[in-house]
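In case you want the letters, here they are:
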Amino acid sequence: MNKVKYLVVLIAVVCISCEDYLDKSPDMGITEEEVFQHFLSYRGVLDKVYVLSNDPFLSTHGGGRFAFGDEGISTAKGTCHRDVNDGNYMLTRDNLELGWYTAEPMNSVATNKMPIIAMAMRNLRTVNLCISHIDDLIDATEEQRNHLLGQAYFFRAWNYFEIIRRWGGMFKIDKVYEPDDELDFPRLSYHESTDWLVSDLDRAYELLPEKWEPSEKGRVTKAAALALKSMALLYSASPSMCPELNYNYDVELCKKAAFAAWEAIDYINRTGCHRLMPGKTAAEYSKIFYNKDVMASDEAIFYQIKRTGKRSASEWNANFIPNSMCASNVHCAAPTQNMVDMFELADGRRIQDAGADYNNQNPYVNRDPRFYYDILYNGVKWGNNKGKPHFFELWEYNTYDDSKSSDMMALFSQGYNPRCPYLIRKWWPETANKWENDYNYYMPVIYIRVAQLYLDFAEAANEAYGPEEKVPGTNMSAVDAINIIRERVGAVPVRNEYKLNKEIFRERIRNERAVELCFEDHRWYDIRRWRIAKDVVKVIYKAVITRTGKNEYHYDYIEHPDYKRVFEDKHYWYPIPKSQMEMLNHVEQNPGW
């Protein structure tokens with residue numbers, strides 16, 4: 001049996017230390033034992049896991065994390081989305097989504113250079129190290145010990161989940177391994193892996209506080225443990241995770257997932273620790289995501305606060321703002337027509353079902369309120385240039401006069417504009433531009449928020465009980481949960497024709513999830529766990545807008561010529577690199593690789 005010494009899944013656990021001050025020689029006056037004897041230094045080790053987490057807003061992404069699957073596109077090259085969308089999962093070592101290699105030293109917090117799995121494995125070593133030393137603490141109260149241990153168990157579950165939702169079931173990583181330990185273990189099934197991480201979340205729930213003091217804002221809580229449990233169980237019940245059921249939902253697991261989501265919702269509503277925030281206007285809805293005064297909204301349950309405080313202008317510029325409105329960007333993300341078409345009409349109908357009531361030559365009227373909250377489109381007012389309102393010109397061609405559009409056509413020669421006539425409003429404050437130069441906003445990375453719990457509940461409840469049956473032990477059905485989310489933004493309740501059976505309603509739940517959670521780093525993992533990615537990414541559409549009069553436009557809808565997706569059955573799971581598999585006897589490669 002081989003000893004695995006280079007495999008990055010394990011490289012973090014075999015390394016001697018995770019903190020530079022633990023690397024100090026005993027001659028320098030500090031030992032590992034001494035570090036873990038004292039509350040502050042112990043917590044200092046553990047706190048690194050809050051930093052080493054995926055941040056989709058990093059400027060190095062250039063909009064790339066918003067361009068997975070069918071949700072968006074970005075012209076940036078060399079970022080995580082390119083290899084994913086091209087199907088080149090095996091050709092890169094350092095891709096931040098797929099890669100297994102990092103040159104960053106063990107004490108690095110350079111998340112802009114570190115693949116997901118490298119961060120996750122370093123975090124797993126950190127939390128296992130902390131758990132193993134909990135009895136060494138000599139100056140911590142029982143409450144402090146419990147809170148430290150609760151955070152460690154939570155982050156062991158979260159980082160393990162980050163691995164298995166990409167690579168599938170994995171062996172347990174539940175201790176600090178040494179270089180001479182045997183490390184070639186068989187993989188667990190996805191369900192077995194989930195059972196283990198859920199057991200950690202149950203322990204975390206018992207140990208974590210309901211809330212922290214304001215100075216500790218951002219630390220995980222009991223609500224976060226319940227929310228992640230709901231999410232993990234829903235994933236485990238999903239089609240891609242159930243090959244034994246011919247890639248159908250596991251109904252019994254759906255029952256567990258629905259009740260877990262209910263427990264989280266009920267806990268939040270009883271304690272008031274979080275809330276579904278108002279969203280009847282764009283100003284209200286935007287406060288879920290960014291704010292000048294509050295580091296994270298009441299709706300955010302599990303999130304990462306930018307460790308340097310408020311975000312830099314470069315992060316907004318790189319991901320969301322076209323050259324016409326910022327000083328330095330040449331890349332940004334743009335929603336696809338596929339994504340735009342998911343927003344229903346104001347009366348709740350799919351645009352595909354609206355017939356003559358939907359005019360594709362006047363496409364931006366009478367849509368779901370969230371369309372106006374999330375998407376910037378041709379003709380909409382956004383920003384002020386020296387006191388003069390700026391209206392987006394996202395048309396590509398002009399048969400009316402010789403002018404060029406300020407936001408699309410004038411940049412076309414550079415080759416860097418989004419090349420889809422939409423931009424993301426959801427994460428972009430209106431005053432963040434080169435004219436008003438107001439980037440003074442908090443914008444955390446939100447991994448789980450309250451709305452997601454209702455969506456998790458609805459999906460699991462529908463599969464287990466159908467659209468309108470109340471889930472046993474709760475006062476809510478799948479339809480009830482979706483309507484709560486819709487009512488929050490002023491959308492109409494689900495139409496009767498969409499709740500006739502669970503198959504029909506399943507599609508509306510998935511669409512609701514796509515719309516409510518758009519550009520929040522969920523869609524790519526959702527279409528893979530639903531096992532529909534191969535179909536939904538088959539054609540990426542764009543709108544081509546031609547100016548035909550002073551305020552008149554013609555719209556064509558075409559297959560995007562430059563952003564084709566490659567997706568085969570094997571892409572539902574990421575591969576373990578061949579070089580690593582050659583060193584393993586008992587780890588099975590993912591199907592197709």
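Note that the coordinates shown come from a computational prediction; the quantities given were computed from them, not determined experimentally. (Residues numbered from 1 in each chain as written. Predicted model: local features only at pLDDT ≥ 70, side-chain atom pairs only at ≥ 80, totals over all residues. Heavy atoms only, no water.)

Caption draft 1: Inspection of the sheet that holds strand S7 (residues 397-398) at higher detail. Strands sit in the order S7-S10-S11 across an open sheet of 3 strands; the sheet is mixed. Each edge of the open sheet is held by one strand with a lone partner, namely S7 and strand S11 (552-559). Looking at chain direction, strand S10 (residues 541-549) and S11 are connected through 8 bridges and run antiparallel. Following the sheet pairing, Ile545 is matched in S11 by Tyr555. (Pairing = 2+ DSSP bridges. Helix = DSSP H or I, 4+ residues; strand = E, 2+ residues; numbered from the N terminus.)

Caption draft 2: Examining the packing of helix H16 (residues 478-488) against helix H17 (residues 502-516) more closely. At their nearest, the axes of H16 and H17 sit 11 Å apart, and the two run at 30° to each other. When the interaxial angle is binned, H16 and H17 end up roughly parallel. Seen from above, H16 lies across H17 with left-handed handedness. On H17, the residues touching Ala478, Val479, Ile482, Ile485, Arg486 and Arg488 of H16 are Phe505, Ile509, Glu512 and Glu516. (Axes fitted to C-alpha atoms, helices over the stretch in contact; angles between N-to-C directions. Parallel < 35°, antiparallel > 145°, perpendicular 65-115°, else oblique. Left-handed = near helix turned anticlockwise from the far one by under 90°. Contact = heavy atoms within 4.5 Å.)

Caption draft 3: Broad picture of the confidence of the model for the protein chain. A residue-level look at the protein chain finds 93% of positions with pLDDT of 70 or above and a mean pLDDT of 91. Of the regions scoring below 50 in pLDDT, residues 1-28 engages in 78 contacts with residues more than four places distant in sequence or in other chains. (pLDDT = per-residue confidence, 0-100.)

Caption draft 4: View of the nonpolar core. By size, the foremost hydrophobic cluster in this structure holds 173 residues, and its most contacted members are Phe154, Phe161, Phe320 and Trp428. If you tally residues by element for this core, the top one is helix H7 (residues 142-167), at 13 residues. (Core = buried A, V, L, I, M, F, W, Y, C linked by side-chain atoms within 4.5 Å. Buried < 20%, exposed > 50% of the residue type's maximum accessible area, 1.4 Å probe, protein only.)

Caption draft 5: Representation of the state of the cysteines in the model. On inspection of all chains with the given rule, the structure shows 0 disulfides. Of all cysteine sulfurs, the one in Cys332 lies closest to Cys80, which takes part in no disulfide; the gap is 15 Å. (Disulfide = S-S within 2.5 Å.)

Caption draft 6: View of the side chain of His191. With respect to the helices and strands, His191 occurs in helix H8 (residues 190-207). Of the polar contacts made by the side chain of His191, one reaches the side chain of Ser236; its length is 2.8 Å. Excluding residues within four positions of it along the chain, His191 makes contact with Ser236, Met241, Cys242, Glu244 and Leu253. (Polar contact = N/O pair within 3.5 Å; in protein donor to acceptor, adjacent residues only side chain to side chain.)

Caption draft 7: Focus on H8. The end-to-end C-alpha distance of H8 is 26 Å, a good match for the 26 Å that 18 residues give at a rise of 1.5 Å each. Turning to H8, its buried residues number three or more, namely Tyr190, His191, Ser193, Thr194, Trp196, Leu197, Val198, Asp200, Leu201, Ala204 and Leu207. As for H8, its buried residues are in contact with H7, helix H9 (222-236) and helix H10 (251-271). (Expected span 1.5 Å × (residues − 1).)

Caption draft 8: Seen up close, empty space enclosed by the protein. Scanning all chains against the criterion turns up 10 cavities of 30 Å³ or more. Approximately 140 Å³ is the volume found for the largest cavity. As for the largest cavity, its lining consists of 15 residues, and the residues nearest its centre are Val445, Ile446, Tyr447, Glu520 and Asp521. When residues of the lining of the largest cavity are traced back to their parent elements, those giving at least two are H7 and strand S9 (445-449). In terms of residue count, the dominant contributor to the lining of the largest cavity is S9 (3 residues). (1 Å grid on protein atoms, 1.4 Å probe; cavity = no way out; pocket = protein on both sides within 12 Å on 5 of 7 lines; lining within 4 Å. Points joined across faces, edges and corners; volume = space filled by probe spheres on them.)

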